[in-house]
Amino acid sequence: MDVSTCLKSLLLAIRQYRNNRSALNASQLQKHIEDISGLKCSGVLFSGQVLPSECLSGLMEVAGDPNTSHALTGTIISLLAQFASDGETKEALHSSYNFTGTLAAIIHCNRTTPEEPLVLQCLNVLQRLTYNVRTLHCASHIHELISFLMQHVQSSNDDIVKACLGLMANLCRHDVTVQTHIKSQSNVKAFYRALINFLGHNCLTVVVFALSILSSLTLNEEVGQKLFNAKNIHQTFQLIFNITVNGDGTLTRNYAVDLLVDLLKNPKIADYLTKYKHLSVCLSEVLGLLHSKDPDTASKVMELLVSLCSVPVLRKLVCETVLRPPAPRLQPGTRKGVQARGSEPSLALVHWVTSPLDGPEQCYMQALSLLAELFEEAIGSSLCSSAQSFVELLLQEVLVLLQSPDSTEGDQLLKKHCLRAGRVVDFLLVLCGDDALRMLVSQRLGPEVCVSQVELLLSCSQDLTGSTCSTSSYQLSQLCAEVVLKTLELMSHLRQTMPDMETSFYRILQDQRMVTPLSLALTSNCREHVQIALRILFEAAPLPDFPSVILGDSIAANNAYRQRDGGLSIRSSSASEDASFISKSFPMMHTEPSGSASHSIDSLIEKLQNGVELQEKVKDVHMSEIIDVYEQKLSALASKESRLQDLLEAKALALSQADRLIAQYRCQRAQAEAEARKLASLLKDTERRKEDLQAELNDQLLEVERLKSDSQQLLQHNSRLQAVADQHQELKGTYNQLLSRYDKSEGTLKELQAAHISITQQAEGLRKTNEGLRLQQERTLAELAEKEQHIKDLKADVLEKDSNITGLQNELRRQEEQIKEMEENISILRKELNKTEQARKDTSIKASSLELQKSQLEAKLEKIEEELGKHTQMIAMIHSLSSGKLKGDVTANLSL
């Protein structure tokens, strides 16, 4: 079943359910909604056609009805929530169909039962729907929704708390009206205390939501100054960077980035961030997220980097971090977390810049904005020269983006192409601020690319102007005009270095289709557009065929249309305010049955015609309401009349322009006829000259023959010269080889001289060592002589002791013979004998120790003598090397 048939069935089911709210009709409607949800039909539903618009309006009406079952309401919300992720469909749900007011009304009807799954579903969808979208303060039930959120942020259900905080953060951000309404509540102090308590919550998402709400409400107040002072702000920075790098989801990371972007708008907090000591490490970690495959994460990171570039000090740091040359890779054993994430973020930017046109729009738009900011900082600094290789790589990829898309894809793809082409041209204009980079751009960018781009956009702008004057067509026409003027400004910068570019530039300026872009830019509210248009007009005004009269008429028509459009918008806004005042003052009037209301209006009309005065107050109210209705109708008719008058004036203007064009055509035709007559006379003169030139040609042919023979001789001579040149090249190569060998020999000579110097120093050191060893040997010999003399003395003592022992032994024999006679002295002799024996033992021990010392000294003396011999041999070798052999090597090298 196709989408159109499904939508017709859905519309029929909606009407049947509104006529009879039975269970069967509800189940049928729910079944059709489920069938639609299975189809990818967001482009058809939000195309602005009648059938999809009626279906969406019917679904909004059924969902907003309090009598609808929760199951059916939840199914409708689930269907519409599928389209809340896309930017344009979300904007359509928000502005055209008031989906926000419908969800707020559902929450208000179920405010007594906040635990219902339907309430949580509505809160989650509202959070997605209101993210980065400003909510109209006059939408229905917004005040009640804010009161509900302030009341239930302290709920025991964590899901309810998280959804309430996220929705409150969306509503408070950049909306002064909502912030003022919250501050005027009586329980605002308790709300602040609850938010401050959430800063210690274990869920990082809740902490970020609370910080976002507090920054929106209290940043410029006393509470915010205490909360975000110099002591606490560094913890906040660390928390935001941790969530950005290691966040537990895309939602938390998005809100953390938005919080830091909002905080950077405060000059004091921006100054605190420049003094944050971990900023470089955190920035490297954030740049590592550019290598992520998730486009949402990458676009949010680039949004943060663009916001950091709004602070001059931070922009310089970001520029140095992104555009610095890649550092040498770390070894495998070193830290690899920071290095892997921060490696070459510029290549990741190139990847996101060249993402497909039908892909995520924010990725390539934020990447181009970031590159423009970085090169604005790099131009004029030392990074500009080091970034030229990156610019060459970038230009190869970026210039492909200027190629024209397929015209059959529709206005949506054309709009995306215009947005991206505008950013690309802005980036190229930034590069043209440096002479070297401008030369690179002129070498890579051809005139045909700019001409095809301008031709495509001018034709599309002309088609959109001639088609139905819808809001989307007018916006797309303005976008095309803006890109055309930027492209012309780029051509103006490059035309001095590219002659073909200058010719194309002046030819485009004289095209009558340039009237529309110039008139739209000159009457624009944007200062940059007006300045670009004035610069282009300054170049185009002196040209002979520039349509200055048509441009003036177009500017006058645009001013008249804008003036009348502004008056109508003021009248319509005042009428809407009066209507809202009546609806707020008399709410019971809208609850009356339709039959009684029409009957009372008819009676009031009759009384007005008869001139009867009304006395009842309610009837007076009806009288004033009818008068307001008629006044509104009259004002609407007057606006239509003025619009028709504008169309007539525009038609008359177009007719006058056509008359001028016809006059110009006639003038040009007369000029063409005069030129044709001139050409006829010139043709006759040319025929005469042709005959003269024919004779000269024959002479020239003979001359050519002679030149051919001369050229053959020159070619032979050239071949001989070529052979000589080849020989010269061979000799030059041989000379280069000999020169390289000479350089190598000279280097070898220097190395040998250095080696000779080092060996001479070593020989001097060995000589000094030899002198020291000789002195030590002399001291050792003197000590050895003293020891030998001592040994001789000890030997003499030993001999003397031996003789004494023999004498004593003889005396002992004599005493043994006289033992009987000298029994009284035997004890004394025994004592003396024992003493003598002990002395003999001590003497023998000393003699053995002296002999051992003697053997040791002899061995030591032999070793010293061996060392002296070795040193003597080494000294002789060193002297022989230093005197004879080195001189021979040096002379040999010098001869080489």
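Residues numbered from 1 in each chain as written. Predicted model: local features only at pLDDT ≥ 70, side-chain atom pairs only at ≥ 80, totals over all residues. Heavy atoms only, no water.

Engineer: Could you give an account of the overall build of the protein chain, with specific residues and numbers?
Structural biologist: What the protein chain contains, in helices and strands, is 36 helices and zero strands. A buried classification covers 35% of the 896 residues belonging to the protein chain. The long-range share in the protein chain, meaning contacts at least 24 apart out of those at least 6 apart in sequence, stands at 73%. Counting every atom, the protein chain has about 53,400 Å² of accessible surface; 54% of that belongs to carbon and sulfur. (Helix = DSSP H or I, 4+ residues; strand = E, 2+ residues; numbered from the N terminus. Buried < 20%, exposed > 50% of the residue type's maximum accessible area, 1.4 Å probe, protein only. Contact = heavy atoms within 4.5 Å. Areas by Shrake-Rupley, 256 points an atom, 1.4 Å probe, with all protein chains shown as cover.)

Engineer: Can you tell me about the nonpolar core, naming the residues and giving the values?
Structural biologist: If you look at the biggest cluster of nonpolar residues, it comprises 190 residues, and the most contacted ones within it are Leu123, Phe191, Phe375 and Leu428. For Leu428, the residues in contact, after removing those within four places along its chain, are Leu395, Leu399, Leu402, Val441 and Leu490. (Core = buried A, V, L, I, M, F, W, Y, C linked by side-chain atoms within 4.5 Å.)

Engineer: So what's going on with empty space enclosed by the protein? Which residues, and what values?
Structural biologist: Evaluation of the coordinates by the stated rule reveals one cavity of 30 Å³ or more. Lining the largest cavity, in full, are Leu766, Thr769, Asn770, His871, Met874 and Ile875. Of all elements in the fold, only helix 35 (617-817) and helix 36 (826-895) reach the threshold of two or more residues within the lining of the largest cavity. Its residues assigned to classes, the lining of the largest cavity comprises three nonpolar, three polar and no charged. (1 Å grid on protein atoms, 1.4 Å probe; cavity = no way out; pocket = protein on both sides within 12 Å on 5 of 7 lines; lining within 4 Å. Points joined across faces, edges and corners; volume = space filled by probe spheres on them. Nonpolar A, V, L, I, M, F, W, Y, C, P; charged D, E, K, R; others polar.)

Engineer: I'd like to hear about unusual backbone geometry, residue by residue, with values.
Structural biologist: Positive phi, close to 60°, is recorded for Asn132, a residue that is not glycine. Structurally, Asn132 can be placed in the loop between helix 8 (117-129) and helix 9 (142-152). Its identity as a non-glycine residue notwithstanding, His174 has a phi of 60°, on the positive side. Take His174: it is sitting in the loop between helix 10 (158-172) and helix 11 (176-183). Accessibility expressed as a relative area gives 45% for His174, which makes it partly exposed.

Engineer: For the pattern of salt bridges, give the residues involved together with the corresponding values.
Structural biologist: Within this structure, the stated rule accounts for 27 salt bridges. Measuring nitrogen to oxygen at the nearest pair gives 3.1 Å for the salt bridge that ties Glu377 to Arg315. One end of the pair, Glu377, is in helix 23 (residues 361-378); the other, Arg315, is in helix 20 (residues 312-323), with 62 residues separating them in the sequence. The class for Glu377 is partly exposed, based on a relative accessible area of 21%. Here Glu703 makes a salt bridge to Arg706, at a shortest N to O gap of 2.0 Å. Here Arg706 and Glu703 lie together in helix 35, a separation of three residues that amounts to about one turn. (Salt bridge = Lys/Arg side-chain N within 4 Å of Asp/Glu carboxyl O.)

Engineer: Account for the environment of Gly446, naming residues and giving values.
Structural biologist: Along the chain, Gly446 falls in the loop between helix 27 (435-444) and helix 28 (447-466). Judged by its relative accessible area of 12%, Gly446 falls in the buried class. Placed 54 residues apart in sequence, Gly446 and Asp500 show a C-alpha to C-alpha distance of 8.7 Å. Apart from the residues lying within four places of it in its own chain, the contact partners of Gly446 are Met498 and Met501.

Engineer: Describe helix 10, and please don't skip the residues or the numbers.
Structural biologist: Over its 15 residues, helix 10 extends 21 Å from the first C-alpha to the last, a length consistent with the 21 Å expected when each residue adds 1.5 Å. For helix 10, the buried fraction is high: twelve of the 15 residues fall into the buried class. Those residues of helix 10 that sit buried are Ile160, Val161, Ala163, Cys164, Leu165, Gly166, Leu167, Met168, Ala169, Asn170, Leu171 and Cys172. Contacts made by the buried residues of helix 10 are with helix 8, helix 9, helix 11, helix 12 (188-197), helix 13 (204-218) and helix 16 (250-264). Its side-chain oxygen at 3.1 Å from the backbone nitrogen of Asp159, Asn157 defines the N-terminal cap of helix 10. (Expected span 1.5 Å × (residues − 1). Polar contact = N/O pair within 3.5 Å; in protein donor to acceptor, adjacent residues only side chain to side chain.)

Engineer: Please set out a negative patch on the surface residue by residue, giving values where relevant.
Structural biologist: A contiguous patch of negative charge on the surface is contributed by Glu788, Glu858, Glu862, Glu865, Glu866 and Glu867. Considering each element in turn, the negative patch owes the most residues, five residues, to helix 36. You can see Glu862 is positioned in helix 36. (Patch = residues over 30% accessible without salt bridge, like charges linked within 9 Å, V, L, I, M, F, W, Y side chains within 5 Å. Lys, Arg positive; Asp, Glu negative; His and termini not counted. Charge placed at Lys NZ, Arg CZ, Asp CG, Glu CD.)

Engineer: How would you explain the packing of helix 19 (residues 295-308) against helix 23 if you had to name every residue and give the values?
Structural biologist: Packing of helix 19 against helix 23 leaves a shortest axis separation of 9 Å and a crossing angle of 25°. The angle between the axes of helix 19 and helix 23 places the two elements in the roughly parallel class. The handedness of the crossing between helix 19 and helix 23 comes out as left-handed. Contacts from Pro295, Ser299, Met302, Glu303, Leu305 and Val306 in helix 19 reach Gln362, Cys363, Gln366, Ala367, Ser369 and Leu370 in helix 23. By residue class, the composition of the contact of helix 19 with helix 23 is seven nonpolar, four polar and one charged. (Axes fitted to C-alpha atoms, helices over the stretch in contact; angles between N-to-C directions. Parallel < 35°, antiparallel > 145°, perpendicular 65-115°, else oblique. Left-handed = near helix turned anticlockwise from the far one by under 90°.)

Engineer: Let's hear about helix 15 (residues 233-246): which residues, and what values?
Structural biologist: Helix length check: helix 15 (14 residues) gives 20 Å between terminal C-alpha atoms against 20 Å at 1.5 Å per residue, within 8%. Taken as a whole, helix 15 has its buried residues at Ile233, Thr236, Phe237, Ile240, Phe241, Ile243, Thr244 and Val245.

Engineer: Run through the side chain of Asp511, naming residues and quoting values.
Structural biologist: Mapping Asp511 onto the fold places it in the loop between helix 30 (499-509) and helix 31 (515-522). Among the polar contacts made by the side chain of Asp511, one reaches the side chain of Arg513 at a distance of 2.8 Å. Once you skip the residues sitting within four places of it in the chain, Asp511 turns out to touch Leu458 and Pro547.

Engineer: Report on the environment of Leu534, specifying residues and quantitative values.
Structural biologist: Within the secondary structure layout, Leu534 lies in helix 32 (residues 527-540). Taking the relative accessible area as the measure of exposure, Leu534 reaches 47% and is therefore partly exposed. The spacing of Leu534 and Leu522 is twelve residues in sequence and 7.3 Å in space, taken between C-alpha atoms.

Engineer: How would you summarise the packing of helix 8 against helix 10 if you had to cite specific residues and measurements?
Structural biologist: Their axes nearest at 9 Å, the elements helix 8 and helix 10 cross at an angle of 30°. The orientation of helix 8 relative to helix 10 falls into the category roughly parallel. Of the two elements, helix 8 crosses helix 10, and the hand of that crossing is left-handed. Residues Leu120, Leu123, Asn124, Leu126 and Gln127 of helix 8 form the contact with helix 10, whose participating residues are Asp159, Ile160, Ala163, Cys164, Gly166, Leu167 and Asn170. Its residues placed into classes, the contact of helix 8 with helix 10 shows seven nonpolar, four polar and one charged.

Engineer: Could you give an account of the confidence of the model for the protein chain, naming the residues involved and the relevant values?
Structural biologist: Chain-level statistics for the protein chain give a pLDDT mean of 80 and a share of 85% at 70 or above. The low-confidence segment residues 568-605, where pLDDT is below 50, has 18 contacts with residues more than four positions distant or belonging to other chains. (pLDDT = per-residue confidence, 0-100.)

Engineer: Help me get a handle on the side chain of Arg253, residues and values and all.
Structural biologist: Mapping Arg253 onto the fold places it in helix 16. Buried and unpaired, Arg253 has Asp294 as its nearest opposite-charge partner, separated by 5.5 Å. Excluding its chain neighbours within four sequence positions, the residues that come into contact with Arg253 are Ile243, Thr244, Val245, Gly247, Leu289 and Thr297.

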